[in-house]
Structures are given as C-alpha cells and as structure tokens.
Amino acid sequence: MSLDRKAEIAANLSMVREKINAAAIQSKRNLSDINLIVVSKTFPVSDIQYLYDLGVRDFGENRDQEASSKVSQLPKDVNWHFQGQIQSNKLKSITSWASYIHSVDQFKYAKMISGFAAEKIKSIFLQISLDKIPEIRGGVDPAKLQELASQISQLPNINLMGLMAVAPLEEGADSAFARLATYHQEFVKNFPEAKYLSAGMSGDYESAILHGATHIRIGSSILGNR
Ligand SMILES: *Cc1c(COP(=O)(O)O)cnc(C)c1O
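About the criteria used
- Residues numbered from 1 in each chain as written.
- Predicted model: local features only at pLDDT ≥ 70, side-chain atom pairs only at ≥ 80, totals over all residues.
- Heavy atoms only, no water.
- 1 Å grid on protein atoms, 1.4 Å probe; cavity = no way out; pocket = protein on both sides within 12 Å on 5 of 7 lines; lining within 4 Å.
- Points joined across faces, edges and corners; volume = space filled by probe spheres on them.
- Nonpolar A, V, L, I, M, F, W, Y, C, P; charged D, E, K, R; others polar.
- Core = buried A, V, L, I, M, F, W, Y, C linked by side-chain atoms within 4.5 Å.
- Buried < 20%, exposed > 50% of the residue type's maximum accessible area, 1.4 Å probe, protein only.
- Helix = DSSP H or I, 4+ residues; strand = E, 2+ residues; numbered from the N terminus.
- Contact = heavy atoms within 4.5 Å.
- Near = heavy atom within 4 Å.
- Polar contact = N/O pair within 3.5 Å; in protein donor to acceptor, adjacent residues only side chain to side chain.
- Areas by Shrake-Rupley, 256 points an atom, 1.4 Å probe, with all protein chains shown as cover.
- Sits in = over half its atoms within 2 Å of the grid points.
- Phe/Tyr/Trp six-rings, centres within 6.5 Å; stacked < 30°, edge-to-face > 60°.
- Lys NZ or Arg CZ within 6 Å of the ring centre and 35° of its normal.
- Salt bridge = Lys/Arg side-chain N within 4 Å of Asp/Glu carboxyl O.
- Axes fitted to C-alpha atoms, helices over the stretch in contact; angles between N-to-C directions.
- Parallel < 35°, antiparallel > 145°, perpendicular 65-115°, else oblique.
- Left-handed = near helix turned anticlockwise from the far one by under 90°.

1. Digging into the layout of surface pockets
In this structure, the largest pocket encloses a volume near 530 Å³. In terms of lining, the largest pocket is formed by 31 residues, of which the most central are Asn62, Gln83, Gln127, Met164 and Val166. Of the residues in the lining of the largest pocket, the class split is 12 nonpolar, 13 polar and 6 charged.

What follows is the structure, encoded as structure tokens:
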C-alpha cells in the first residue's frame, strides 16, 4: 500500500514538473525562477516524507494546528509556507514555524508578524484580491495595494517578497492572471525588491507561469483529491 502511494506521488510530481517545464519554455522563462510549493494540507506526514525523499523542500499549509504538528515531525531544512486565511489569535504560532506567509492582506497582520518575528526575518507576500467585488474572499483591494505596501515596507524583520493571488471563481484564470500581471508590473516599479509573484494552483498553474508567477502552490495534482 505505502509503496503504491510512494509511486503514485512520484509519478504525479514528475508529471507536474514536466508541465512546469513546458510552461516555462512556452513563456521563455528560466525554470529556476519558478518555485514549486507542494500544498500538503489535509495529507499525512508520511506523504510529505515521500516528497522530501524525492527532493521537495517547500511545503504549504493552511491551518496552524495541523501544520505545527507536522513541522515537529519533519526535518529542519523544510521551508514551510502558510497560505491560509490569517486569524490574529493564530499568528504568533504561525510565525514560529512558517518561513513564508503568503496571505497577508492587512497592515495589522504584518505588524503582528514583525513583532513576533523578533530577529528572525519573515518573508511575506501581500495577497491581492482579483474578485469582481474586491476583498470578498480575502486579499486587499488593488486600489489600496500601494498604500498597504508602503506601510508594511517600514516594518522591521519583514522581507516583502511580492504579491500573492488566487484566481476568482467567476472569471477564467487566464484573464484574471493577465490582470494580475499588470498589477504586478505596476507594483514592482514602486517596490523593485518585492519582485516575486505567488500564483497558480493545480487547476491553473500553467496559466500563472505564463503570466509571471514565481511561486506556484500545488496540492491535489501531486497528492490527490482532498
Ligand atoms: C489549497 C490551496 C492551494 C492548493 O490547491 P490545489 O488545488 O490542491 O492545488 C493553493 N493555494 C491556496 C491559497 C490554497 O488554499
């Protein structure tokens, strides 16, 4: 059983890597500029260990309690990413295990992360809303992005990586990510250091790569349906 599972995960991983490679070629981008984060939420530690053995070092989780327990059971050189919805009362714990927090959409959260980080710098992405009604499912209204980023860039212990987005439900990923690319280009003019773009999930990562994603977050294509 576990041998089958390992083989299944290995096959899925190599298929995803092939598609990433093809999308990189198609968009004339360097493969090394595209970082794969395997979203391991709801899947057991044994699956993460298989992926670790296959060379994966970046894993994403959405819930603090589940992640904390996994982190303690896996090697120290894993880079943990948090991409779930932030809750203030969980943020201290999240900051203790996550090296990257993708879903920051309010100044108060960035300020808390800055405080909890102490001397250990935390890398964060600002989640931008692509929804027709901005902020309906998290993420900052694009119109408020510059101001939020300016405020956050003053905080100590924070490394502002760039932007993060999730494709909206009511619009195709291609057109949403095309808009995202324009927001990103505008953003990088003002924050040249914050040049990264976290976008793309199992259903839309190839489109995200074509539109400039540097960090793609893939769960079900590698680990199966949740
Ligand atoms: C769950 C999740 C993912 C991974 O989704 P899949 O469709 O399983 O690839 C990526 N990003 C966020 C924000 C998620 O919540």
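That covers the picture; the talk isn't over yet.
2. Brief notes about the nonpolar core
Grouped together as the largest cluster of nonpolar side chains are 65 residues, with contacts concentrated most on Val104, Ile124, Leu126 and Ile222. Looking at which element gives the most residues to this core, the answer is helix 1 (residues 2-26), with 6 residues. Excluding its chain neighbours within four sequence positions, the residues that come into contact with isoleucine 222 are Ile9, Asn12, Leu13, Val16, Leu36, Val38 and Leu51.

3. Let's talk about the site of the ligand
As a matter of local geometry, the ligand sits amid Val39, Lys41, Asn62, Gln83, Met201, Ser202, Arg217, Ile218, Gly219, Ser220 and Arg226. Contacts to the ligand include arginine 217, whose side-chain N or O atom sits 2.9 Å from a nitrogen atom. Burial of the ligand by the protein chains amounts to 88% of its free accessible area of 380 Å². According to the grid-proximity analysis, the pocket containing the ligand is the largest pocket. Considering only residue class, the shell around the ligand consists of 3 nonpolar, 5 polar and 3 charged.

4. Section: the packing of aromatic side chains
For the structure on display, the rule yields 3 aromatic pairs. It is arginine 57 that lies over the ring of tyrosine 52; its NZ or CZ is 3.5 Å from the centre.

5. What about the pattern of salt bridges?
As a working rule, side chains carrying opposite charge can pair if their charged atoms are close by. On inspection of all chains with the given rule, the structure shows 10 salt bridges. The partner of lysine 132 in a salt bridge is glutamate 171, with the nearest N and O atoms 4.0 Å apart. A residue pair is termed long-range when its members are at least 10 positions apart, and lysine 132 in the loop between strand 5 (122-127) and helix 6 (145-152) and glutamate 171 in the loop between strand 6 (158-164) and helix 7 (173-190) qualify at 39 residues. Note on lysine 132: relative accessible area 59%, which makes it exposed. The salt bridge involving lysine 144 is made with glutamate 135; its shortest N-O contact spans 3.3 Å. Residue classification places lysine 144 among the partly exposed positions, given a relative accessible area of 43%. The exposure class assigned to glutamate 135 is partly exposed, which follows from its relative accessible area of 35%. Linked through salt bridges whose partners overlap, the residues forming this network are Arg5, Glu8 and Asp47.

6. Examining helix 2 (residues 45-53)
Working note: α-helix, 3.6 residues per turn, so residues spaced by three or four point in the same direction. Here helix 2 has its buried residues at Val45, Asp47, Ile48, Tyr50, Leu51 and Tyr52. The elements touched by buried residues of helix 2 are helix 1, strand 1 (35-39), strand 2 (58-61), helix 3 (64-71), strand 3 (79-82) and helix 9 (220-223). Glycine 55 lies just past helix 2 and shows a positive phi near 105°.

7. A closer look at the packing of helix 1 against helix 2
Working note: a packed helix pair is described by the angle between its axes plus the distance between those axes. Packing of helix 1 against helix 2 brings their axes to within 10 Å, and their N-to-C directions diverge by 55°. Relative to helix 2, the element helix 1 is oriented oblique. Considering how the two elements wind past one another, helix 1 and helix 2 form a crossing that is right-handed. Residue-level contacts link Ser2, Arg5, Lys6, Ile9 and Leu13 of helix 1 to Asp47, Tyr50, Leu51 and Asp53 of helix 2. Of the residues that constitute the contact of helix 1 with helix 2, the class distribution is 4 nonpolar, 1 polar and 4 charged.

8. Topic: the packing of helix 6 against helix 7
For the pair helix 6 and helix 7, interaxial distance at closest approach is 11 Å and the crossing angle is 35°. The way helix 6 lies across helix 7 gives a crossing that is right-handed. Residues Leu145, Gln146 and Ala149 of helix 6 touch helix 7, and the partners they reach there are Glu186, Phe187 and Asn190. By residue class, the composition of the contact of helix 6 with helix 7 is 3 nonpolar, 2 polar and 1 charged.

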